[in-house]
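Single-letter residue listing:
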Amino acid sequence: MSRNSSLGPTEYLFKILVIGELGTGKTSIIKRYVHKFFSQHYRATIGVDFALKSLEWDSNTVVRLQLWDIAGQERFGNMTRVYYKDALGAFVVFDVTRPATFDAVAKWKQDLDAKVSLEDGTPIPCVLLANKCDETKEGMVNSVAKMDEFCKENMFTAWYETSAKENVHIDDAAKTLVSQILKYTAQNKPTYLKSKGQVLLNSVPNDSQKGCSC
Ligand SMILES: Nc1nc2c(ncn2[C@@H]2O[C@H](COP(=O)(O)OP(=O)(O)OP(=O)(O)O)[C@@H](O)[C@H]2O)c(=O)[nH]1
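Just so you know, these numbers come straight off a predicted model, no measurement behind them.

Student: Would you mind going over the packing of aromatic side chains in detail, with residue names and values included?
Tutor: Evaluation of the coordinates by the stated rule reveals 5 aromatic pairs. An aromatic cluster is built from F94, F102, F150 and F156, whose rings are joined through pairwise contacts. Lying over the aromatic face of W68, K15 brings its terminal NZ or CZ to 3.6 Å of the ring centre. Taking the ring centre of F156 as reference, the NZ or CZ of K109 above it sits at 5.3 Å.

Student: So what's going on with the packing of helix α1 (residues 26-35) against helix α6 (residues 170-188)? Which residues, and what values?
Tutor: Put simply, α1 and α6 touch, their axes get as near as 10 Å, and they point 90° apart. Between α1 and α6, the crossing angle belongs to the class labelled roughly perpendicular. Contacts between α1 and α6 involve I29, R32 and Y33 from the first element and I170, D171 and A174 from the second. Its residues placed into classes, the contact of α1 with α6 shows 4 nonpolar, no polar and 2 charged.

Student: Explain the environment of A104 to me, using residue names and the numbers behind them.
Tutor: On the secondary structure map, A104 appears in the loop between α3 (99-103) and α4 (105-115). Here A104 falls in the buried class, since its relative accessible area comes to 3%. Measuring from C-alpha to C-alpha, the distance between A104 and D120 comes to 27 Å, with 16 residues separating the pair along the chain. Apart from the residues within four sequence positions on either side, A104 is in contact with E21 and R75.

Student: Describe the site of the ligand, with residues and values.
Tutor: Surveying the vicinity of the ligand reveals 23 residues, the closest of which are K26, S28, S39, Q40 and Y42. Separating an oxygen atom of the ligand from a backbone N or O atom of T24 is a distance of 3.2 Å. Residue S28 places a side-chain N or O atom 2.6 Å away from an oxygen atom belonging to the ligand. A total of 660 Å² of accessible area belongs to the ligand in isolation, and the protein chains cover 95% of it. Its residues assigned to classes, the shell around the ligand comprises 6 nonpolar, 11 polar and 6 charged.

Student: Before we move on, could you go through the nonpolar core and cite the residues and values that matter?
Tutor: Counting 29 residues, the largest nonpolar core has L17, Y84, L112 and L128 as the members making the most contacts within it. Listing elements by their share of this core, those giving two or more residues are β1 (10-20), β3 (61-70), α2 (80-84), β4 (89-95), α4, β5 (126-131) and α5 (144-153). Considering every element that reaches this core, the biggest residue donor is α4, with 4 residues. With 28 residues, the next largest nonpolar core counts I16, L55, L129 and I170 among its residues.

Student: Describe the pattern of salt bridges, listing the residues and the values that go with them.
Tutor: A complete count under the given rule lists 7 salt bridges for this structure. For E11, the salt bridge goes to R64, with nearest N and O atoms at 2.9 Å. Taken together, the positions of E11 in strand β1 and R64 in strand β3 put the pair 53 residues apart, joining distant regions of the chain. Given the relative accessible area of 14%, E11 is considered buried. Under the relative-accessibility criterion, R64 is labelled partly exposed at 27%. Salt-bridge contacts for E21 lead to R75; the nearest nitrogen and oxygen are separated by 3.1 Å. With a gap of 54 residues between them, E21 in the loop between β1 and α1 and R75 in the loop between β3 and α2 connect regions that are remote in the sequence. In terms of burial, E21 and R75 fall into one category: buried.

So, how was this worked out
- Residues numbered from 1 in each chain as written.
- Predicted model: local features only at pLDDT ≥ 70, side-chain atom pairs only at ≥ 80, totals over all residues.
- Heavy atoms only, no water.
- Phe/Tyr/Trp six-rings, centres within 6.5 Å; stacked < 30°, edge-to-face > 60°.
- Lys NZ or Arg CZ within 6 Å of the ring centre and 35° of its normal.
- Axes fitted to C-alpha atoms, helices over the stretch in contact; angles between N-to-C directions.
- Helix = DSSP H or I, 4+ residues; strand = E, 2+ residues; numbered from the N terminus.
- Parallel < 35°, antiparallel > 145°, perpendicular 65-115°, else oblique.
- Contact = heavy atoms within 4.5 Å.
- Nonpolar A, V, L, I, M, F, W, Y, C, P; charged D, E, K, R; others polar.
- Buried < 20%, exposed > 50% of the residue type's maximum accessible area, 1.4 Å probe, protein only.
- Near = heavy atom within 4 Å.
- Polar contact = N/O pair within 3.5 Å; in protein donor to acceptor, adjacent residues only side chain to side chain.
- Areas by Shrake-Rupley, 256 points an atom, 1.4 Å probe, with all protein chains shown as cover.
- Core = buried A, V, L, I, M, F, W, Y, C linked by side-chain atoms within 4.5 Å.
- Salt bridge = Lys/Arg side-chain N within 4 Å of Asp/Glu carboxyl O.

Have a look at this one:
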C-alpha cells in the first residue's frame, strides 16, 4: 500500500450519533457494523453506549468512528444536549414495521438540529435508516418518492433501507455519512477540526499548516 508521507496516513476521529425510537435497532446496527454480529435478544440501552469502528478509508486516510448509541427513551430526557456535543454526523433509525417510529423521526431530527450544528450553522450530516427491511415483503411503509421528499424537507443527507439481521446497506450508509463529513472537513480544515475538538493524527503538513494540527 502506498503512503504519501513518511508520517503515515492522516487519521481522523469522528463522533457519530445513533438515535431514534426505542427498539428500532440502533444497538443491533452498531453490533452488526462493528462486531459483525446479530442477536434477536432485546435489551434496552440505558443512557448511552459506545463503540469504535476503524475504517481504512484510502491509502492515505484512516477514519475512526466513535459511535454513540443513545437510548430511545432519551428523547424525553434532558441529556441529549450533552450527548450531541461535538458530534460530526448522525444516523436516525426507525423500524419499518412500526409506523409510529417513522412519525418520531422528524422530532429526533429537529432535536438534533436544535442542539448541534456545523461551524457555519448548517446541520451536521445525517443519514436516515429504515431498519428491519428483512421483515417487510411489500417493501417500505412509504414509497421511495415520499422518502426522498421527506429527506429533502428534513435535511437528511440520504436514506437507506437497512437490516441489522441480514446485513443490508449498513456499510453503504456509513460510507455515505463518512464521505459527507470528510468533504466538509477537507473544506474547513484546520479550524473546523480544532474547534470541534477532533483528533487529526499524523497530519501531512502543507504550506499553510506545519506541524501538529491537534
Ligand atoms: N428482524 C429484525 N430485527 C431486528 C433488526 N434490528 C434489530 N432487531 C431486533 O429489534 C429489537 C431491538 O433492537 P435494538 O438494537 O436493541 O434496538 P435499540 O434501537 O437499540 O433499542 P433501545 O436501546 O431501546 O433504544 C431486538 O430484538 C433486535 O434483535 C433487523 O434489522 N431485523
